[in-house]
Every structure is written in structure tokens, then in C-alpha cells.
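# Report on the structure
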Amino acid sequence: MDKQIEEYLMHTIDKKADWVSRLEEYAAENRVPIMEPLGMDFLMQIVRLKKPKKILEIGSAIGYSALRMLEASPETQIVTIERDEIRYQEAVSNINKLAPENKITVIFGDALEETNEIKKLAPYDLLFIDAAKGQYQRFFETYSEYLTEDAIIISDNVLFKGLVANSSSDKDRLTNLAIKIRTYNEWLIKHPSYKTSIVPIGDGVAISVRR
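All figures in this text were calculated on a predicted structure; none of them were measured in a lab. (Residues numbered from 1 in each chain as written. Predicted model: local features only at pLDDT ≥ 70, side-chain atom pairs only at ≥ 80, totals over all residues. Heavy atoms only, no water.)

### Some thoughts on helix 3 (residues 37–50)
For an α-helix, 3.6 residues make a turn, and residues three or four places apart therefore share a direction. Just so we agree on the cut-off: In this description a helix means any DSSP run of H or I spanning at least four residues, a strand means any run of E spanning at least two, and both kinds are numbered starting from the N terminus. In a helix, the anticipated span is given by 1.5 Å times the number of residues less one. Under the scheme applied here, a residue whose accessible area is under 20% of the maximum for its type counts as buried, over 50% as exposed, and between as partly exposed, the area being computed with a 1.4 Å probe on protein chains only. Two residues qualify as a contact provided that any one of their heavy atoms is within 4.5 Å of a heavy atom in the partner residue.
Here helix 3 spans 20 Å end to end across 14 residues, near enough to the 20 Å set by a 1.5 Å rise per residue. Buried within helix 3 are the following residues: Leu38, Gly39, Met40, Leu43, Met44, Ile46 and Val47. Elements in contact with the buried residues of helix 3: helix 1 (3–10), strand 1 (54–58), helix 4 (64–72), strand 4 (124–129), strand 5 (147–156) and strand 7 (205–210). Looking one or two residues beyond helix 3, the residue adopting positive phi is Lys51, at roughly 50°.

Dropping the structure here:
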């Protein structure tokens, strides 16, 4: 996104609560990957429009996005899973402090291994994918089975710092990840059962709905 436009849009976002700023500062200081502000604001608007009864999030990190989605829709139940034990403990701590009404369930484990636990809590009205970039397609295929008929699937980081549009032949780690995400995007766009739009906001957000 053009920097000037990005700066303009940043001024359109509502003033953040103190706890939001604290989590964002912690994430920046500790290099915890959380959703970019404009992307987060966009996701929250989708949640407001959809008013989902239940959300499944793949990739809790420190609980930031789960808490923001709950902020957007306080009556929604959220199930989120995290495989990194330190991040899981941080997510549980933040959620217990900031959302003590038990609206958010945090599961510890690999999302591709804890399917039975997640299935028990189905169905979900919104699936948010924001975890291991190379596994996005597997997350989509696995958990689209546990969604309601009119559910929305949101995938974050699908433009991956703009690298998905780079035709460079460099083979460093970031470029290899970008290639995997570009492959995922192409798979999404051609999916026979889902219609996907990619929005160039934040780090790129894909929105998929059933055809």
C-alpha cells in the first residue's frame, strides 16, 4: 500500500484502549507477529458485520487478535489454538486478565494434530487463519469441514510484505515462504467451492465464502 494512503487510513482508526496499545508494544519489543493495525481494524469490521456465534482462530500468539475480535463482538465465543508453549501461556494470561467472562477458549497444541478437540466445539461461523504460512492450505482444508454453511474464512499475510508479487529468483527463507503463500493464493482463487477476494490492506487479507 502507498505510504501516504496508509498514513491517512491510520488516522481513521478509532482511538485504542490502553490494553491494546500495551499488547502492541509488547509484541513489537518481543518480535511477536501480530496482525498489522489496518488489517486488524478490517478484520474487526468483518466480525461486526458477520456477528458470528463462534470463531475459530488458528494461531493465538499472545491472544491479541482473539481479544480484538471479542472487542468487536462481545457476545461471540472464540476458540483459538497455539502450538508454542510460551506464547500459549502468554495468551492464557492476557485473556484471563482482559476477558475474564470465559468467552475465549485457548487450546495448546498443533492445529493439525488437535482436530478432535476443535471438532468437539464446532460448528464455527468464522475461521481466521494466521499461523504457519506454509500450512495455510492444510488449515483451510481441515477446518472448512467444521464451518456453518454461510461461514467466512479469513487468511492473513497473503501478500507477505509484498513478496508474493516479486518474481525474483532469490531462494532465501522469506522468498520461499512467499512462494508458498502465492501457491496458496492461487489455490484459493481456483477453489471450486469457495469464492475469494484478496484485499491489499495490512499484510494482505483473503476473504473466502462458499460459492
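### Observations regarding unusual backbone geometry
Cis rather than trans, the peptide bond between Ala122 and Pro123 has omega equal to 5°. Not every positive phi belongs to a glycine, and Asn157 is a case in point at roughly 65°. Note that Asn157 resides in the loop between strand 5 and helix 8 (173–189). Of the residues examined, Asn157 reaches a relative accessible area of 12% and is grouped as buried.

### Quick notes on the pattern of salt bridges
The line we're drawing: The working definition used for a salt bridge is a side-chain nitrogen of Lys or Arg within 4 Å of a carboxyl oxygen of Asp or Glu.
Summed over the entire model, instances satisfying the criterion amount to 9 salt bridges. The shortest N-O distance in the salt bridge between Glu24 and Lys16 comes to 2.7 Å. Residue Lys16 is classed as partly exposed on the basis of its relative accessible area of 25%. A salt bridge links Lys120 to Glu117, with the nearest nitrogen and oxygen atoms 3.7 Å apart. Here the residue Lys120 and the residue Glu117 both occupy positions in helix 6 (residues 115–120), the gap between them amounting to 3 residues, near one helical turn. The exposure class of Lys120 is exposed, given its relative accessible area of 65%. The partly exposed category is assigned to Glu117, whose relative accessible area is 36%.

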